[in-house]
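# Breakdown of the fold
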Amino acid sequence: PLKPIEQKLYDERLGRIKQTDKSVPYRKNGYLYYTRTEDGKQYAIFCRKADKDGAAEQVLLDGNALATGHSFWSLGVFEVSDDARYLAYATDTTGYRQYVLQVKDLTTGETLPLRQERTTSAAWAADNATLFFTTEDDTTKRSDRLFRVTLAKPAEAVQLYHEPDERFSVGVGRSRSEAYLLAEIGSLTSSEVRVLSAKTPTAEWRIVEPRRADVEYDVDHRGDRFYIRVNDTGRNFRLVTAPLETPGKANWTALVPHRAHVMLQ
């Protein structure tokens, strides 16, 4: 009996959406990346163009094609290698946020053999051949393990870290400078970050500052310093910098102090 009002509400909402649309592009390594949608189609189409006048569009992923045969489709990971050749992407076709990681060669259109179930995040090393990713456990859906794998040996992923504390989850990404990989381990009230030069994917990860109860921090990089947002002196966070080789608290230099009336985001 609710079908008529369901359809009415759906039609009304659809009537307020510009179905054929295009996102603002962003630049990365010589390309402009964007998504677009088409009238009557449910999912976005992920595209890029070379960053020059008159460049042709290249479709990287078509969500509508990938959703064929499924009642649901969602994209999680979307990471292009530094040389712009490979796309690491993860999709869910169940609605349970269980994403399958795959790699596509953007020069040939071929999907490579690498396939990893229950992936939660991923990041490329600067060699364009090594991929780091995290996975969730089978029971609590907690992201708890960090792996490294190479395109040459896709079946031989190496586990680098397991987080035993059920309050904490693990994620991996790149700094905005692209120079460092960041393994972020966090609970609701505490965090710890490990860093690795993107140019040395087989080297040892380094802890910026060991976790402490009720202290959260996150890390980014620029030039010869790490920039660390931390709430060790107040709930609204402050900003400090640290040397790349010795980033622990003993070497922090205050840049923006904690302010009781301003949340630093």
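Residues numbered from 1 in each chain as written. Predicted model: local features only at pLDDT ≥ 70, side-chain atom pairs only at ≥ 80, totals over all residues. Heavy atoms only, no water.

A separate point is the overall build of the chain. Looking only at helices and strands, the chain has two helices and 20 strands in total. Overall, the C-alpha framework of the chain stretches about 60 × 50 × 45 Å when taken along its three principal axes. Out of the 265 residues in the chain, the part that is buried amounts to 42%. Here the contacts in the chain between residues at least 6 apart in sequence split such that 30% fall between residues at least 24 apart. Averaged over its 38 positive side-chain charges, the chain has a centre that lies 3 Å from the centre of its 38 negative ones. (Helix = DSSP H or I, 4+ residues; strand = E, 2+ residues; numbered from the N terminus. Buried < 20%, exposed > 50% of the residue type's maximum accessible area, 1.4 Å probe, protein only. Contact = heavy atoms within 4.5 Å. Lys, Arg positive; Asp, Glu negative; His and termini not counted. Charge placed at Lys NZ, Arg CZ, Asp CG, Glu CD.)

On to the packing of aromatic side chains, then. All told, the structure shown has eight aromatic pairs when counted by the stated rule. Between Tyr43 and Trp73, the ring centres sit 5.5 Å apart and the planes meet at 75°, which makes this aromatic pair edge-to-face. With Tyr43 in the loop between β3 (31-37) and β4 (45-50) and Trp73 in the loop between α2 (63-66) and β6 (74-80), this residue pair connects regions lying 30 residues apart in the sequence. The two residues Tyr43 and Trp73 agree in class, both being buried. Positioned over the ring face of Phe237 is Arg229, at 3.9 Å from the centre of the ring. (Phe/Tyr/Trp six-rings, centres within 6.5 Å; stacked < 30°, edge-to-face > 60°. Lys NZ or Arg CZ within 6 Å of the ring centre and 35° of its normal.)

Take the pattern of salt bridges next. According to the stated counting rule, one finds 23 salt bridges in the structure shown. One salt bridge in this structure joins Asp165 and Arg167, with 2.7 Å as the shortest N-O distance. Asp165 gets classed as partly exposed once you look at its relative accessible area, which sits at 21%. Under the relative-accessibility criterion, Arg167 is labelled exposed at 63%. (Salt bridge = Lys/Arg side-chain N within 4 Å of Asp/Glu carboxyl O.)

Further remarks concern the sheet that holds strand β9 (residues 111-124). As summarised here, the arrangement of the seven strands in space is β6-β7-β8-β9-β10-β11-β12, forming an open sheet in which the pairing is antiparallel. The open sheet is flanked by β6 and β12 (153-162), the only strands paired with a single partner. Taken pair by pair, the neighbouring strands of this sheet meet at an average axis angle of 35°, ignoring direction. Bridge count between strand β11 (residues 143-150) and β12: five bridges; the pairing is antiparallel. Residue pairing in the sheet places Phe147 in a bridge with Gln159 of β12. (Pairing = 2+ DSSP bridges. Axes fitted to C-alpha atoms, helices over the stretch in contact; angles between N-to-C directions.)

The next thing to look at is the side chain of Thr119. In this structure, Thr119 sits in strand β9. Residue class for Thr119 comes out buried when judged on its relative accessible area of 2%. From its side chain, Thr119 meets the backbone oxygen of Gln116 in a polar contact 3.2 Å long. (Polar contact = N/O pair within 3.5 Å; in protein donor to acceptor, adjacent residues only side chain to side chain.)

This part takes up the environment of Gly76. As for its position among the elements, Gly76 is in strand β6. The exposure class of Gly76 is partly exposed, given its relative accessible area of 40%. As for Gly76 and Tyr89, which are separated by 13 residues in sequence, their C-alpha atoms are 6.9 Å apart. Not counting chain neighbours up to four residues away, the residues in contact with Gly76 comprise Ala90 and Tyr99.

Residue position: Pro164 is located in the loop between β12 and β13 (169-174). Sequence-wise, Pro164 and Lys49 are 115 residues apart; in three dimensions their C-alpha atoms are separated by 43 Å.

Right, let's talk about the layout of surface pockets for a bit. Its volume calculated, the largest pocket comes out at about 270 Å³. Lining of the largest pocket is provided by 13 residues; of these, Tyr10, Leu14, Ile17, Gln19 and Lys41 occupy positions nearest its centre. Examining the composition of the lining of the largest pocket, we find that three residues originate from one element, helix α1 (residues 3-15), more than from any other. Looking at the lining of the largest pocket residue by residue, the classes come out as five nonpolar, four polar and four charged. (1 Å grid on protein atoms, 1.4 Å probe; cavity = no way out; pocket = protein on both sides within 12 Å on 5 of 7 lines; lining within 4 Å. Points joined across faces, edges and corners; volume = space filled by probe spheres on them. Nonpolar A, V, L, I, M, F, W, Y, C, P; charged D, E, K, R; others polar.)

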